[in-house]
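Remarks on the overall topology
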Amino acid sequence: MTIIRSHLIGTGYKLPAKILTNDDLSQMVDTNDEWISTRTGIKSRHIAAEGELTSDLSYEAALMAIQNAQIKNQEIDFIIVATVTGDHTFPATAAKLAKKLGLKPGTPAMDVNAACSGFVYASQIADNMIRLGQIKTALVIGAETLSRITDWTDRNTCVLFGDGAGAAIFQAVEGLGTKDDTGLLATKIYADGEQFDRLYSASGVSIDQKAGYIHMDGKEVFKVAVPSLVQGVEESLKIAGLSIEDVNWYVPHQANLRIIDSVAKKLNIDMEKVIVTVDHHGNTSAASIPLALAESFAAGKFKKGDVIAISAMGAGFTWGGMILRL
Ligand code: COA
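Residues numbered from 1 in each chain as written. Predicted model: local features only at pLDDT ≥ 70, side-chain atom pairs only at ≥ 80, totals over all residues. Heavy atoms only, no water.

Let's shift gears to the domain arrangement of the chain. Splitting the chain by domain gives domain 1 (3-175) and domain 2 (183-325). For domain 1 and domain 2, the distance between their C-alpha centres works out to 14 Å. Listed per partner, the contact involves 50 residues of domain 1 and 48 residues of domain 2. Surface buried jointly by domain 1 and domain 2 totals about 3900 Å² across both partners, of which 67% is contributed by carbon and sulfur atoms. (Domains from an automatic or database assignment. Contact = heavy atoms within 4.5 Å. Buried area = accessible area lost by both parts, 1.4 Å probe.)

And the structure:
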């Protein structure tokens, strides 16, 4: 029996030109390269220029993905942007992008706020729509300007985050419904609102009409991040009918190299198969996974038939995973 699968047909990314190094940060707060490097693995991050918006980064990432997919903008049937730093309170950044990209009139456009798990959430929504036959081609973007909600006087958080955007285009292709199919083989998402105040902004439209700054209980987030990222991979592998031995590449959310190391050990996957970009991107929340995917494609790392496992974890808490065969 044939079924519809979502194939990844193109990716793209955009990083702001400005690079902020650990040494730069040591001029701003009481920190140093040694502390940041050993605790997080981060060496540098990109920071959006004044007036450079989440929609601008998303637009450039989308153009690159469209070009790589070799499709026309008008072929896109759905646009979804995962972000916690959209341009406007409303409407959605996706709606603004639909206009900028000249998508065909009536193309549904929405944002999703699932923090660092946003790309996995958005991909699941797009995949479900594709598999139901509601749409054929989806543009899924993860994009952030976290620098705008970073307290640059707080050394506990300001060293961790960065700006950027990644885009992915998924398209319907018939499969046989077996574990040997290509395309998205599984997606799985979770949330636990009990952990809401471990990682949050104290402000908001309904509270005080402000965006607020990132607050984080780093130690607690770290503890929960590891098992959540492991579960995202293990559960989605189970749904796909595959095991860790089938995985060619693991693309984790990029928050901290120590978290990634520890997840890789628990999954029993060699670090050679793990994509690491946190060293030069920092934590870009919803943008981190599509950025890592697009940068790896551009570097020629992936080949046809590779199985990619992905997992993410972030504020909410939210977490999840997905399995993709190219
Ligand atoms: N430079 C120098 N010292 C710093 C510092 C910085 N940038 N930030 C914190 N410190 C200090 C602290 O004040 C503390 O000092 P004290 O012991 O005198 O109070 C000390 O370093 C240790 O801090 P601690 O919080 O114990 O460090 P840690 O080993 O837990 O590492 C994080 C901190 C934030 C790097 C780590 O907890 C982490 O990565 N957490 C998960 C974050 C994350 O991934 N969030 C996003 C998930 S989507």
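The next thing to look at is the environment of isoleucine 36. Along the chain, isoleucine 36 turns up in helix α2 (residues 33-40). The buried category is assigned to isoleucine 36, whose relative accessible area is 0%. Distance in space between the C-alpha atoms of isoleucine 36 and isoleucine 310 is 25 Å, their sequence separation being 274 residues. With sequence-adjacent residues up to four places away left out, isoleucine 36 is seen in contact with Asn22, Leu25, Thr31, Gly41, Ile42, Arg45 and Val159. (Helix = DSSP H or I, 4+ residues; strand = E, 2+ residues; numbered from the N terminus. Buried < 20%, exposed > 50% of the residue type's maximum accessible area, 1.4 Å probe, protein only.)

Attention now goes to the pattern of salt bridges. Inspection of the entire model under this criterion finds 12 salt bridges. Notably, a salt bridge pairs arginine 155 with aspartate 30, separated by 3.7 Å at the nearest N-O pair. Residue arginine 155 is located in helix α6 (residues 155-158), and its partner aspartate 30 is located in the loop between α1 (22-26) and α2; the two are separated by 125 residues in the primary sequence. For arginine 155, a relative accessible area of 45% corresponds to the partly exposed category. Here arginine 198 and glutamate 220 are joined by a salt bridge, their closest N and O atoms 4.0 Å apart. In this pair, arginine 198 is assigned in the loop between β8 (183-191) and β9 (199-201) and glutamate 220 in helix α7 (residues 218-240), connecting sequence segments 22 residues apart. Judged by relative accessible area, which is 27%, arginine 198 ranks as partly exposed. (Salt bridge = Lys/Arg side-chain N within 4 Å of Asp/Glu carboxyl O.)

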